[in-house]
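Structural characterization, general
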Amino acid sequence: MEFLSSIDWMQMLRCFIVGGLICIIGQILIDKTKLTPARILVIFVTTGAVLGGLGIYQHLVDFAGCGATVPLTGFGNALAKGAIDEVSKSGLLGAFIGGTKAAARRYFGCNLLSGTLLH
């Protein structure tokens with residue numbers, strides 16, 4: 001019972017609503033347009049990267065937590081944030097390697113963890 005009292009239920013609700021809204025947008029694009037799933041994926045990743053590069057997406061992450069970082073827009077945000085951080089350290093070369101390093105660090109750990117737990 002102590003575990004249940006330690007959960008931030010409002011944060012969980014915000015996470016659910018924001019993540020759900022992002023998924024609803026994707027479903028509307030699938031149902032109402034002739035866009036292929038690959039193009040929708042590119043739209044989501046690019047939108048996340050642009051909003052992340054402008055610093056706007058971080059406000060959504062602060063508000064919704066995993067509801068904003070788990071969808072594909074969160075992946076685009078991670079790429080942009082990694083590239084921006086690496087440019088400040090390595091110069092122009094960082095624009096090319098920063099996003100890859102940031103995404104690899106983040107998603108390799110998740111895949112490694114889920115692979116060891118599920119197999």
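Quick look at the structure, then. As the structure is a computational prediction, the values presented were derived from the model and not from experiment.

1. Here we look at the overall build of the chain
Of regular secondary structure, the chain possesses seven helices and zero strands. The helix and strand sequence of the chain, counted from the amino end, reads α-α-α-α-α-α-α. Taken over 119 residues, the chain has a buried fraction of 27%. With the model as given, the accessible surface of the chain reaches about 8300 Å², and the carbon-plus-sulfur share is 74%.

2. Details of a nonpolar patch on the surface
Nonpolar side chains collect at one region of the surface, where Met10, Leu13, Phe16, Ile17, Leu21, Ile24 and Ile28 lie side by side and expose about 710 Å² of accessible area between them. Among the secondary structure elements, Ile28 is positioned in helix 2 (residues 9–32). By relative accessible area, Ile28 is classed as partly exposed at 46%.

3. Points about the nonpolar core
Counting residues in hydrophobic clusters, the biggest one holds eight residues: Val18, Ile22, Ile40, Phe44, Tyr57, Val61, Ala64 and Ala68. Counting residues per element, the ones that place at least two in this core are helix 2, helix 3 (37–53) and helix 4 (57–64). Looking at this core, the element that brings in the most residues is helix 4, giving three residues. Discounting chain neighbours no more than four positions away, the residues touching Ala68 are Tyr57, Leu60, Val61, Thr73 and Gly74.

4. Things to note about the packing of helix 4 against helix 6 (residues 72–90)
Helix packing for two helices is described by the angle between their axes and how far apart those axes are. Contact geometry of helix 4 with helix 6 gives a least axis separation of 11 Å together with a crossing angle of 125°. Taken together, the axes of helix 4 and helix 6 lie oblique to each other. Relative to helix 6, helix 4 is oriented so that their crossing is left-handed. Mapping the contact onto sequence places Tyr57, Gln58 and Val61 in helix 4 and Thr73, Gly74, Asn77 and Lys81 in helix 6.

5. What to know about the pattern of salt bridges
Two side chains with opposite charge may pair up if their charged atoms get near one another. For the coordinates displayed, the defined rule picks out one salt bridge. Its salt-bridge partner being Glu86, residue Lys101 comes within 3.4 Å of it at the nearest N-O pair. Highlighted residues: Lys101 in helix 7 (residues 93–118) and Glu86 in helix 6, separated in sequence by 15 residues.

6. What to know about the environment of Ala83
Examined against the element boundaries, Ala83 turns out to sit in helix 6. Spatially, the C-alpha atom of Ala83 lies 8.0 Å from that of Thr100, the residues being 17 residues apart in sequence. Excluding its chain neighbours within four sequence positions, the residues that come into contact with Ala83 are Gly94, Ala95, Gly98 and Gly99.

7. What about helix 6?
For helix 6, built from 19 residues, the straight-helix expectation of 27 Å at 1.5 Å per residue is met to within 8% by its first-to-last C-alpha distance of 27 Å. Among all positions in helix 6, only Thr73, Gly74, Gly76, Asn77, Ala78, Ala80, Gly82, Ala83 and Glu86 are buried. One or two residues past the end of helix 6 sits Gly91, with phi positive at roughly 80°.

Rules and cut-offs
Residues numbered from 1 in each chain as written. Predicted model: local features only at pLDDT ≥ 70, side-chain atom pairs only at ≥ 80, totals over all residues. Heavy atoms only, no water. Helix = DSSP H or I, 4+ residues; strand = E, 2+ residues; numbered from the N terminus. Buried < 20%, exposed > 50% of the residue type's maximum accessible area, 1.4 Å probe, protein only. Areas by Shrake-Rupley, 256 points an atom, 1.4 Å probe, with all protein chains shown as cover. Patch = residues over 30% accessible without salt bridge, like charges linked within 9 Å, V, L, I, M, F, W, Y side chains within 5 Å. Salt bridge = Lys/Arg side-chain N within 4 Å of Asp/Glu carboxyl O. Core = buried A, V, L, I, M, F, W, Y, C linked by side-chain atoms within 4.5 Å. Contact = heavy atoms within 4.5 Å. Axes fitted to C-alpha atoms, helices over the stretch in contact; angles between N-to-C directions. Parallel < 35°, antiparallel > 145°, perpendicular 65-115°, else oblique. Left-handed = near helix turned anticlockwise from the far one by under 90°. Expected span 1.5 Å × (residues − 1).

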